[in-house]
Structure formats: C-alpha cells, structure tokens
Amino acid sequence: MSKEVTKEFNFFEYHDQINQENIILSYKGPITAMLIAELSRDIRAEIQGNRKASKKVFSIFMELAQNVLYYSSEINLFGDKNRVGTIFIVNEDEHYKVIVGNMVKNTITSDLKERCHKIKELERSELRAYKRELRDHPYHNDESSEAGIGLVQAALTADSFEMKIIEMSNEYSFFVLFLTVQK
Amino acid sequence: MEDLEIKGESGVFYIPTVHLNASTGECEISGESYLEDTDEFYNTIIKWIEQYVQEVKNAITFNFRLTYFNTSSSRGILDVLRALKKYEDDGGSVTINWYYPDDDDSIAEEAEDYMKSTGLKINMFSFEPED
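A quick note: this is a predicted structure, and the numbers were derived from the prediction, not measured. Residue positions are given per chain, counted from 1 along the sequence in the order it is written. As a convention, the first chain written is A and the first ligand written is 1, with the rest following in written order. Local features are withheld for residues below a pLDDT of 70 in this predicted model, meaning they are given only at 70 or higher, and side-chain atom pairs are given and counted only at 80 or more; totals for whole chains, interfaces and linings count all residues. Side-chain descriptors were evaluated using all non-hydrogen atoms of the structure, hydrogens and water having been removed beforehand.

## Some details on the overall build of chain B
For clarity, the threshold we go by: Comment: elements are numbered from the N terminus, with helices defined as DSSP H or I runs of at least four residues and strands as E runs of at least two. Note on method: radius of gyration uses C-alpha positions; expected globular size equals 2.2 Å times residues raised to 0.38. Between buried and exposed lies partly exposed: a residue is buried under 20% and exposed over 50% of the maximum accessible area for its type, with that area taken using a 1.4 Å probe on protein chains only. Whether two residues are in contact is decided by their heavy atoms: any pair within 4.5 Å suffices. The method behind every accessible area is Shrake-Rupley, applied with a 1.4 Å probe, and residues are considered shielded solely by the protein chains displayed. Counted as positive: Lys and Arg. Counted as negative: Asp and Glu, with His and the chain ends omitted from the count. For the purpose of locating charges, the reference atoms are NZ of Lys, CZ of Arg, CG of Asp and CD of Glu.
Looking only at helices and strands, chain B has three helices and eight strands in total. Helices and strands in chain B line up, N terminus first, as β-β-β-β-β-α-β-α-β-α-β. A globule of 131 residues ought to have a C-alpha radius of gyration of about 14 Å, and chain B, at 14 Å, matches this closely. With the C-alpha coordinates of chain B rotated into their principal frame, the extents come out at 40 × 30 × 25 Å. Residues counted as buried form 53% of the 131 residues belonging to chain B. Across chain B, every contact between residues at least 6 apart in sequence was considered, and the portion connecting residues at least 24 apart equals 61%. Of the roughly 6200 Å² of accessible surface on chain B, a fraction of 43% belongs to carbon and sulfur atoms. Of the side chains in chain B, 10 bear a positive and 28 a negative charge, and the two mean positions are spaced by 9 Å.

## Some remarks on the sheet that holds strand β4 (residues 160-167) of chain A
Residue and element names in this part refer to chain A. As a reminder, the rule being used: Note on pairing: two strands pair once DSSP finds at least 2 bridges between them. To obtain an axis, a line is fitted to C-alpha atoms, over the contacting stretch when the element is a helix, and the angle between two such axes runs from 0 to 180 degrees between their N-to-C directions.
What the five strands build is an open sheet, ordered β1-β2-β3-β5-β4; its pairing is antiparallel. At either end of the open sheet lies a strand with only one pairing partner, and these are β1 (23-31) and β4. Strand-to-strand twist across the sheet, computed as the mean angle between neighbouring axes with direction ignored, equals 15°. Sheet analysis places β1 next to strand β2 (residues 83-91), joined by eight bridges and oriented antiparallel. Its bridge partner being in β2, Pro 30 is matched across the sheet by Val 84. Of the strands in this sheet, β1 and β2 are in contact with helix α2 (residues 33-46), which crosses β1 at around 175°. Seen against the sheet, helix α3 (residues 51-71) touches β1, β2, β3 (95-105) and β5 (172-182) and runs at an angle of roughly 165° to β2.

## Section: the pattern of salt bridges
Pairing between side chains becomes possible if they bear opposite charge and their charged atoms approach one another. Residues and elements named next belong to chain A. Applied cut-off: Here, a salt bridge means any side-chain nitrogen of Lys or Arg that lies within 4 Å of a carboxyl oxygen of Asp or Glu.
Summed over the entire model, instances satisfying the criterion amount to 17 salt bridges over all chains. Among the salt bridges present, the one from Lys 97 reaches Glu 92, with a minimum N-O distance of 3.9 Å. Residue classification places Lys 97 among the partly exposed positions, given a relative accessible area of 24%. Glu 92 sits in the partly exposed class, given a relative accessible area of 25%.

## What about the sheet that holds strand β1 (residues 4-6) of chain B?
Residue and element names in this part refer to chain B. Reading across the sheet, the six strands line up as β1-β4-β5-β6-β7-β8 and stay open at both edges, with mixed pairing between neighbours. Both outer strands of the open sheet, β1 and β8 (122-127), are each paired with one neighbouring strand and no more. In this sheet, adjacent strand axes meet at a mean angle of 15° when their direction is disregarded. Here strand β7 (residues 94-101) runs beside β8; their pairing, made up of six bridges, is parallel. The partner of Asn 97 across the bridge, within β8, is Asn 123.

## Topic: the packing of aromatic side chains
For clarity, the cut-off: Two aromatic rings, drawn from Phe, Tyr or Trp (for Trp, its six-membered ring), form a pair once their centres lie within 6.5 Å of each other, and the interplanar angle then sorts them: stacked below 30 degrees, edge-to-face above 60, tilted otherwise. As a reminder, the over-ring test applies to NZ of lysine and CZ of arginine, requiring each to be within 6 Å of the ring centre and within 35 degrees of the ring normal.
Within the structure shown, the criterion is met by 11 aromatic pairs over all chains. With a centroid separation of 4.8 Å and an interplanar angle of 75°, the aromatic rings of Phe 58 of chain A and Tyr 68 of chain B are classed as edge-to-face. Of this pair, Phe 58 of chain A sits in helix α3 while Tyr 68 of chain B sits in strand β6 (residues 60-69), on two different chains. The same class applies to Phe 58 of chain A as to Tyr 68 of chain B, namely buried. Each ring, one from Phe 64 of chain B and one from Trp 98 of chain B, has its centre 5.2 Å from the other, and the planes form 35°; the classification is tilted. With Phe 64 of chain B in strand β6 and Trp 98 of chain B in strand β7, this pair connects stretches of sequence that are 34 residues apart. Judged by relative accessible area, Phe 64 of chain B falls into the buried class, the value being 2%. Among the aromatic residues, ring-to-ring pairing joins Phe 58 of chain A together with Phe 13, Tyr 14, Tyr 34 and Tyr 68 of chain B into one connected group. Sitting over the face of the ring of Phe 58 of chain A, Arg 44 of chain A holds its NZ or CZ atom 3.7 Å from the ring centroid.

Below, the structure written as structure tokens:
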C-alpha cells in the first residue's frame, strides 16, 4: 500500500512543480532533427511579445539540442536508435532558463569541464575569437571541436552559463547545462 | 550558364531562399537556415559561384539577408565567403552586402567575425524583420 501512496504523492508534487514554475518545454527522450524543428516552433509560439528574448531562447535551444542529437552517449534501443536527452525551458520572473542534459562517457568529462570552464571565464571578445578559431579550422571527425562551437554560440547568446556533471556509474556521467536569457 | 533558384520553406527544416542570377551577377540568400544536409546545400551554392567564375567572369554582388542560422550553417556561409574571396583575389569584382535584423546583434556580429576570418570587406545594413 505504501508504495502506491508514494507513487501518487510524487505525481502530484511533480505536477504542481510544472504548474508553479511555468515550464515552457519539458522533454526527455530520443532527439531527432525533425523533433528539434518541431519543438523550436512550439518555443516560438510559447514565447511571444519579447522578440529578442524569444529569439535567443530559440537559438540556444537549437544549438544545445543539436549537441544532444550528435553527441549524447545514451541511445534509445528502439526504432532508429536515436540519442537521448532531457530539455527544460522554464519561464522565471526575470529570465528564461534553458536546461539541457545528456549522458556522456566518463572519459570525456575532464575535457568537457575544462571547455566549459574556459567558456565561462572568457570575456565576450575572447569568446568570439574562440568561436572563430573553432569555425575557421575545423578538425574533421573531432567530436569535441564540433560540439564546442555549438556550446560557444549558446554561451555567446545567453546571459549566464553554468554546467554540472554528476557521475552515474563507472562508465557514464550526466552532463547538464543551465543557461539563462534575461527578459 | 543557368540561374540557381531555391525556394525557401519553414517546414520540417528551415530552408533559406536562394536566387543566384548568372546574367546580372546579383545573388541573394535570405530567411532561416537549419538544414538536414548543410554541406550539400552550401556546396551547391559554392559550385555555382565556381562555375560563374570560370564561365561568366563578371562582377558579383552577394546579398545575405538571413534572420537565423545555426552553427553548422555558419560554416557553410564561411565557405561561400571563402569562394568569393578567392574570386576577388584572382581579380574578380566582388561586393558583399550583409543585411541583419535590427533586433538581433548576433547576426551583425557574425558579419564582423566573417570579415576577420576571410579578409573580405562586408557592407552592413540593418533592416526591420517581418513578423
């Protein structure tokens, strides 16, 4: 009996949270290029009346969702074996928050941490120079440089950029980015 | 030499509108760019420019009027600009006009970044985007 009660209780708590925090988008599952385009239209429809902020949220979503599409380590076993990610867009008082998470191999977490740290520390002009560097000299088949330009672009668009990595097992960690756009 | 026309659409993907005119040398790409196969799309434009350089050899004016493009498209655009820079270096007359939405600083910044990356002169103009 207690199990049933716990389940029900959690459901309502979760439901409450979604209502309170005004979630524009909440998605966990396989990501496809088509789904990204579809969700991007929902985002545009949801955020109206603030064209600048709406466009920034749209553009951050596009880059980070594409990083999940190409680089998440979690793969859906059914259908086309798409990569899996979690995306939230939350409407808060002063800003919109975009949260994107996906599994990565533990072997790349130190590189990811270093890259995110660099992105966070650089001034805007330095960040633009870094983006030019990644764009002008793409190293073919180098996953981290491909994913890097999307991260840099998202950071250039956002007003704040935070990341967290939580180790899930000996092999995988959960990598989460939190970006905000001021209203 | 034939013109290249691509009708833009905002359907499953965001495909820009392209008009490349072989008789006047007036070229324009406009709209939004998020594509299924970005390399193929921009390579089609680059091949057209290369053919124009070989066969027509006249002045070329390239107008960019994009309101959104993702970072993979931004690589494609860089390659288009590199092809135009090569033509200019070889003695061709090249004019690049970059129209950016007046509510979007990042697209204006992209033009500055492309100038730094390619050494091309890019004329910048703001415009009021339609809803």
